[in-house]
Amino acid sequence: KNRVEPAFSHSECGILTCMYFDALTLAAVADELREQLLGGRIQRVVLPGPLSLGLEIYARGQRHQLLLSAHPQFARVQLVHGKLSRGMEQETPLLLLLRKYVRGGRIVNIEQPALERMLLLSIVKEFDSRNRNNDATDDTDDVADEPDEPEEAVRPGETLRCELIVEPMERRSNIILVDDDNLILDSIKRVTPRMSQRVVLPRRVYELPPPQEKRDPRNATANGMEALRSSGATDVAKALVTAYKAVSPQLAREVVFRALGRAKANLNEDLPWYGLAAQLRTLFSAPAEPTLVRNEAGEPLAYAPYELSHLGNAEHMPGISAALETFYASREQLTAHRQRRDTVAQQLAAARERLHHQLSQIQAEAAKAGDLEQLRWEGEMIFAFLHEIQKGQASLNVEGRVISLDPQRSPVEQAQERFRAYEKARSAQAGLPERLQQTTYRLDGLDQLRALLELANEREQIEQIALEAVEQGYLKPEQEGDKRPRRPPKLKPLHLVSSDGVDIFVGRSASQNEEVTFTIGRPDDLWLHVRTIHGAHVIVRSDAGEVPEQTLREAAGVAAYFSQAREEAAVDVDMARRNGVRKIRGGPVGLVTYRAERTLRVKPLPPWGKA
């Protein structure tokens, strides 16, 4: 926890703040792609995740895997090693259009507008009378990967031209397919007029992102640097980000460090303005020199297309894609376990939608109970006043309430019809309370699985939750012809030891929560859970004695970390004796009732070394 850094604290350059896929990084990627992919043929298109696109490109006698991501935190463009796998179950409209316009096409141009985080891949796909398209005779096709669909409305001799535009801009990131008339065909994110003034929808004209009113860093001067003093900022790096286009916070700190030997400086100081301008110009004009910085544990901490001298111990990489792939391998949502998590999350979301629809139907049926009594009452009143009803009468008035009658039918028939409808509906509603409760329980159980899945960051945890979803009937087994779900090795609950030497057990799935509470937990042990939201069950061994306060706060912090409130600054965690925790009769695995003895408000605490 206490570290001495060479020039700049890594704590100020965390996972999110250091992930600057900025315009300079994109320029290095564009140069790399031109060198390796220009003129190549796109022979495979997949969606590894809901916000990503994978292209397999055959160029210069080799296959290349190109990943395009519009993730709000991990947006980027890069070449990857290893074949990109499909992570989406259903075929989206965008995927079908990509197969029509992009698969089999040639990349004829790769362009990045100056200082912009935009990459345009120009693609041409030609057809002739002998084959569906001009790649049919190329024996490099991987025909087993996905079925060939007939091309839609394409005539022999026709040429399709399009642009695949990638905008890696954090939350505004997008991947857009545009035709030769500059009309949007589709995008990985559709942006409506309610969401933004810059609309991204099919059949709309593609518009460039609004330009930034900033200076060009390639023309930086000493006078321009000194003028930053009038910007109102005090920190030099922050002023550079505000004043110059395409300058990320990381790049700005590098400029300051190269000019001053330190990454932080105040604008009120006597500064070498010419040196600052020269360093900024150099970073935008020098050839790419990709580097990677790791922390003490060897985990990638930051990357850049230049030497990251302000972080120290920069490792030179063979290419910018190699740096990106190494950096994102442990974080990015499209790695194998993240792809799997997205797939399971998508399936659980669909299951929840179905359950919610069932619940709405049951609630609607329950709301008809009043109508049933009306049917019975009307039948009884028709019989009671049968002697007063005249032939052809259209209504019966009883105590100010009107009963509609059919003049063409006998009153007896109409009364009997009402009684039959009443009995039928009453039978259907006989089990409604139980069905309503069971469906509500199932929704709660499903929400618990979804919350725990969102917190899972290991493949084994994800598979455990997916298996539990199958066993509880939320998902179907994946193997065709085999109804027995593949059972991964059962994971044990997380076992930690507090700073006071006390055992702490943490459940990270529904079955683990039940195991921690009712198998591992002893009657006098302490049980912790974040108040009102889904998350881990935590047991603290008490051995019939007092548990130290520090241990309680550590256990509560872990409970908060393994909950939906992980990102909150402080979280309320309830504590109870294990013998005061009860399973919900007829409820799903892992859901309980309890009466809290105490509530601790703590900061989420990541787990330390396992016991």
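Residues numbered from 1 in each chain as written. Predicted model: local features only at pLDDT ≥ 70, side-chain atom pairs only at ≥ 80, totals over all residues. Heavy atoms only, no water.

Draft legend 1. Structural detail: the overall build of the chain. Looking only at helices and strands, the chain features 14 helices and 22 strands. When burial is assessed residue by residue, the chain has 49% of its 611 residues classed as buried. Taking the contacts inside the chain whose residues are at least 6 apart along the sequence as the reference set, 63% of them involve residues at least 24 apart. Entry remark: accessible area of the chain is about 30,500 Å², with carbon and sulfur atoms responsible for 48%. (Helix = DSSP H or I, 4+ residues; strand = E, 2+ residues; numbered from the N terminus. Buried < 20%, exposed > 50% of the residue type's maximum accessible area, 1.4 Å probe, protein only. Contact = heavy atoms within 4.5 Å. Areas by Shrake-Rupley, 256 points an atom, 1.4 Å probe, with all protein chains shown as cover.)

Draft legend 2. Region of the structure containing helix H2 (residues 93–101). Residues of H2 that are buried include every one of Leu94, Leu95, Leu98, Arg99, Lys100 and Tyr101, and no others. Where H2 is buried, its residues contact strand S1 (41–46), strand S2 (52–59), strand S6 (119–126), strand S7 (159–167), strand S8 (174–179) and strand S9 (184–187).

Draft legend 3. Just the confidence of the model for the chain, in detail. Per-residue confidence for the chain gives a mean pLDDT of 86; residues scoring 70 or more make up 87%. Low pLDDT (under 50) marks residues 1–18, which in the prediction has 32 contacts with non-local residues, meaning those over four places away or in another chain. In this model, residues 134–152 is a region of pLDDT below 50 whose contacts with residues beyond four sequence positions or in other chains number 41 contacts. (pLDDT = per-residue confidence, 0-100.)

Draft legend 4. Expanded view of the pattern of salt bridges. Scanning the entire structure with this criterion turns up 25 salt bridges. One salt bridge in this structure joins glutamate 116 and lysine 245, with 3.3 Å as the shortest N-O distance. Pair noted here: glutamate 116 is in the loop between strand S5 (106–111) and S6 and lysine 245 is in the loop between helix H4 (236–243) and helix H5 (249–260), with a separation of 129 residues, a long-range link. Look at lysine 245 and you get buried, because its relative accessible area is 14%. With its nearest N and O atoms 3.2 Å apart, the salt bridge here joins aspartate 543 to arginine 522. (Salt bridge = Lys/Arg side-chain N within 4 Å of Asp/Glu carboxyl O.)

Draft legend 5. Expanded view of the nonpolar core. Within the largest apolar cluster, 49 residues are counted, with the highest numbers of intra-cluster contacts made by Leu55, Leu66, Val77, Val102 and Leu164. With sequence-adjacent residues up to four places away left out, leucine 55 is seen in contact with Ile42, Arg44, Val45, His64, Gln65, Leu66, Leu68, Leu84, Val102 and Leu164. Judged by nonpolar contacts, the second largest core, of 34 residues, contains Leu24, Leu267, Trp273 and Leu301. (Core = buried A, V, L, I, M, F, W, Y, C linked by side-chain atoms within 4.5 Å.)

Draft legend 6. Quick peek at the side chain of arginine 41. Counting through the fold element by element, arginine 41 comes out in strand S1. Of the polar contacts made by the side chain of arginine 41, one reaches the side chain of glutamine 43; its length is 2.7 Å. (Polar contact = N/O pair within 3.5 Å; in protein donor to acceptor, adjacent residues only side chain to side chain.)

Draft legend 7. The arrangement of the packing of aromatic side chains in detail. Per the counting criterion, the structure on display carries seven aromatic pairs. Taken together, a centroid distance of 6.0 Å and an interplanar angle of 15° make the contact between phenylalanine 383 and phenylalanine 419 stacked. Here the residue phenylalanine 383 occupies a position in helix H9 (residues 369–384), and phenylalanine 419 occupies one in helix H10 (residues 411–428), the gap between them amounting to 36 residues. For phenylalanine 383, a relative accessible area of 36% gives the class partly exposed. (Phe/Tyr/Trp six-rings, centres within 6.5 Å; stacked < 30°, edge-to-face > 60°.)

Draft legend 8. Spotlight on the side chain of glutamine 414. The topology assignment puts glutamine 414 in helix H10. Only 2.7 Å separates the side chain of glutamine 414 from the backbone nitrogen of aspartate 406, close enough to count as a polar contact. Beyond its immediate sequence surroundings of up to four residues, glutamine 414 is in contact with Ile382, Ser404, Leu405, Asp406 and Arg409.

Draft legend 9. Looking closely at the pairing of strand S19 (residues 571–577). Counted residue by residue, S19 has five buried out of seven residues, so it is predominantly covered. Relative to strand S22 (residues 598–602), S19 is paired through five bridges, and the arrangement is antiparallel. Paired with valine 571 across the two strands is valine 602, which belongs to S22. (Pairing = 2+ DSSP bridges.)

Draft legend 10. Summary view of H5. An ideal rise of 1.5 Å per residue puts 16 Å on twelve residues; H5 measures up with 16 Å between its terminal C-alpha atoms. All buried positions along H5 are accounted for by Gln250, Leu251, Ala252, Arg253, Glu254, Val255, Val256 and Phe257. Buried residues in H5 make contact with helix H1 (23–37), H4, helix H6 (273–285) and strand S11 (300–304). Of the residues one or two after H5, glycine 261 is the one with positive phi, at around 85°. (Expected span 1.5 Å × (residues − 1).)

Draft legend 11. Summary view of the environment of alanine 237. Here alanine 237 shows up in helix H4. Given a relative accessible area of 8%, alanine 237 falls into the buried group. A sequence separation of 26 residues divides alanine 237 from alanine 263, and the C-alpha atoms of the two residues are 8.0 Å apart. Ignoring sequence-local partners within four residues, the contact set of alanine 237 consists of Ala252, Arg253 and Val256.

Draft legend 12. Structural context of the sheet that holds S11. Taken in spatial order, the three strands of this open sheet run S11-S10-S12, and their pairing is antiparallel. Each of the sheet's edge strands pairs with one partner strand only, and the pair in question is S11 and strand S12 (315–316).

Draft legend 13. The environment of leucine 436, seen in detail. Following the sequence through the fold, leucine 436 ends up in helix H11 (residues 432–455). On the basis of relative accessibility, which here comes to 28%, the residue leucine 436 falls in the partly exposed class. The sequence separation of leucine 436 and isoleucine 362 amounts to 74 residues, and the corresponding C-alpha distance is 6.3 Å. If near-sequence neighbours (up to four positions away) are discounted, leucine 436 is found in contact with Leu359, Ile362 and Gln363.

Draft legend 14. Examining unusual backbone geometry more closely. The phi torsion at arginine 60 lies on the positive side, around 55°, for a residue other than glycine. Along the chain, arginine 60 turns up in the loop between S2 and strand S3 (62–69). Accessibility expressed as a relative area gives 55% for arginine 60, which makes it exposed. Unusually for a residue other than glycine, threonine 532 sits at a positive phi of about 70°. Inspection of the secondary structure assignment puts threonine 532 in the loop between strand S17 (526–530) and strand S18 (538–540).

Draft legend 15. Region of interest: the sheet that holds S18. What the six strands build is an open sheet, ordered S15-S16-S18-S17-S19-S22; its pairing is antiparallel. Lying at the two open borders of the sheet, with one neighbouring strand each, are strand S15 (494–497) and S22. Sheet twist, expressed as the average angle between the axes of neighbouring strands with direction ignored, equals 25°. Relative to S18, strand S16 (residues 503–506) runs antiparallel, the two being bridged by three bridges. Paired with valine 506 across the bridge in S18 is valine 538. Along the sheet, helix H14 (residues 549–561) makes contact with S15, S16, S17, S18, S19 and S22, crossing S22 at roughly 70°. (Axes fitted to C-alpha atoms, helices over the stretch in contact; angles between N-to-C directions.)

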